[in-house]
Structures are given as C-alpha cells and as structure tokens.
Amino acid sequence: MIIDIPEGQEPIGYVWGDMVPGIGMAAANFSLSVYAHTTLGLREFEAARLRIAQINGCLFCLDWRTDRDGEKVEDDFPDAVTQWRTTDAFDDRTRLAAEYAERYALDHHNLDDEFWTRMTAHYSQVEIVELSMSIGSWLAFGRLNHVLGLDAVCVLPTS
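Since the structure is predicted, the reported quantities are computational estimates derived from the model, not experimental observations.

Moving on, we get to the overall build of the protein. Looking only at helices and strands, the protein features 8 helices and 0 strands. Secondary structure of the protein in N-to-C order comes out as α-α-α-α-α-α-α-α. In terms of C-alpha radius of gyration, the protein reaches 16 Å, essentially the compact-globule figure of 15 Å for 159 residues. With the principal axes as the frame, the protein shows a C-alpha extent of 50 × 30 × 30 Å. In the protein, 65% of the contacts between residues at least 6 apart in sequence involve partners at least 24 apart. Of the roughly 8700 Å² of accessible surface on the protein, 55% is carried by carbon and sulfur atoms. Charge separation in the protein, taken as the distance between the mean sites of 12 positive and 26 negative side-chain charges, equals 4 Å.

The next subject is the nonpolar core. Counting residues in each nonpolar core, the largest one holds 29 residues, and the members touching the most others are Met-119, Tyr-123, Leu-131 and Ile-135. Listing elements by their share of this core, those giving two or more residues are helix H3 (42-56), helix H5 (77-82), helix H6 (92-106), helix H7 (113-122) and helix H8 (125-147). Leave out the neighbours within four places in its chain, and Ile-135 touches Ala-48, Ile-52, Tyr-100, Ala-101 and Tyr-104. With 9 residues, the next largest nonpolar core counts Tyr-14, Val-15, Trp-16 and Ala-28 among its residues.

This part covers the side chain of Glu-46. Mapping Glu-46 onto the fold places it in helix H3. Assessed through its relative accessible area of 0%, Glu-46 is described here as buried.

Right, let's talk about the pattern of salt bridges for a bit. Per the stated rule, a full pass over the model turns up 10 salt bridges. Of the charged contacts in the structure, one is a salt bridge between Arg-43 and Glu-74, with a shortest N-O distance of 2.8 Å. With Arg-43 in helix H3 and Glu-74 in the loop between helix H4 (59-63) and H5, this pair connects stretches of sequence that are 31 residues apart. For Arg-43, a relative accessible area of 28% translates into the label partly exposed. Residue class for Glu-74 comes out partly exposed when judged on its relative accessible area of 33%. Ionic pairing is found between Arg-118 and Glu-114, a salt bridge with its closest N-O pair at 2.5 Å. One end of the pair, Arg-118, and the other, Glu-114, are both in helix H7, 4 residues apart, so they sit about a helical turn from each other. Residues joined by salt bridges that share partners form a network here, namely Glu-99, Arg-103, Asp-112, Glu-114 and Arg-118.

This part covers the side chain of Thr-66. By the secondary structure assignment, Thr-66 is in the loop between H4 and H5. There is a polar contact of 2.6 Å between the side chain of Thr-66 and the side chain of Glu-46. There is a polar contact of 3.4 Å between the side chain of Thr-66 and the side chain of Trp-64. Here Thr-66 is in contact with Tyr-35, Leu-42, Phe-45, Glu-46, Arg-49, Glu-71 and Lys-72, once residues within four sequence places are set aside.

About the criteria used
Residues numbered from 1 in each chain as written. Predicted model: local features only at pLDDT ≥ 70, side-chain atom pairs only at ≥ 80, totals over all residues. Heavy atoms only, no water. Helix = DSSP H or I, 4+ residues; strand = E, 2+ residues; numbered from the N terminus. Rg over C-alpha atoms; globule rule 2.2 N^0.38 Å. Contact = heavy atoms within 4.5 Å. Areas by Shrake-Rupley, 256 points an atom, 1.4 Å probe, with all protein chains shown as cover. Lys, Arg positive; Asp, Glu negative; His and termini not counted. Charge placed at Lys NZ, Arg CZ, Asp CG, Glu CD. Core = buried A, V, L, I, M, F, W, Y, C linked by side-chain atoms within 4.5 Å. Buried < 20%, exposed > 50% of the residue type's maximum accessible area, 1.4 Å probe, protein only. Salt bridge = Lys/Arg side-chain N within 4 Å of Asp/Glu carboxyl O. Polar contact = N/O pair within 3.5 Å; in protein donor to acceptor, adjacent residues only side chain to side chain.

Dropping the structure here:
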C-alpha cells in the first residue's frame, strides 16, 4: 500500500472518508448505489462487474460476489466470465454485459453500430445507462483501490 494508514484505522474508511471526506463519501455513495438501486439481473450484473474486476486486477473485487436475497452466482461463474465469448453458461444478455464491460474498459472508442444494434436488441435505454454507470463505477473505484494498494485490505463500508 502506498498510503500511510494510522494504526487502528480501517484503510478504506480512512482513505475514502478521513483523507478526502468531500470526495470520498460522494464516491462511496455512488459506488454503493449501483448495488442498492440496480434493476439488472444478478447474472448480467455480475458478468459486467467481474469482467471489470478481472481487467482491473482488484483483489477484493475478484473475490466479492454480489448477494441478492441470499442468491449469488455459481462458484465457476468467474471462469465463464473470462471465457464470455465461448461459454455456454451465458444467455445473450449476460454475454453482452461481459462484452460491454470489456470493451468499455479497453476499447470504448470502438463501440460501433453493430455492437449497439445487438445491445439495444436486448437492453432498454434505461438498462444501458444503468449498466454504463455501474461499469464506470467499478472501473474507476476498482482501479483507484488497486493503484493505491487498498484492494488487498478492502472491505465495503456498511451504511
């Protein structure tokens, strides 16, 4: 970790809350909002989230599994996300969520008409905006935590 954390302080709470409270708390609220207010199905949500975690290399994000009313994706789901192009474990929406996350993170300038034709055939405009904001949150905050070395000690704050 490249940030000095005072003894007895929880690293995420200290960096996000104490060091930059005006920015950190707003960022934390945004980060938590994508979980609290999502309308996306669990599998498509997790396919996009995990693909960003894989790209970012955020240790905590790779280990995290979103829980919806006691339901989580299956244990081998991360492997399917890695192989989103060829896996038979995904329906069209889940595959598109993983593809969108990857292209958003690595090649956003080349989200072409062909991609958007496929995307709009399976997702409403509201769902596309929601997925885009969620991916943006995971991309930014996963990278922030990884770059600062917080991902190895990260815990989600309780609100």
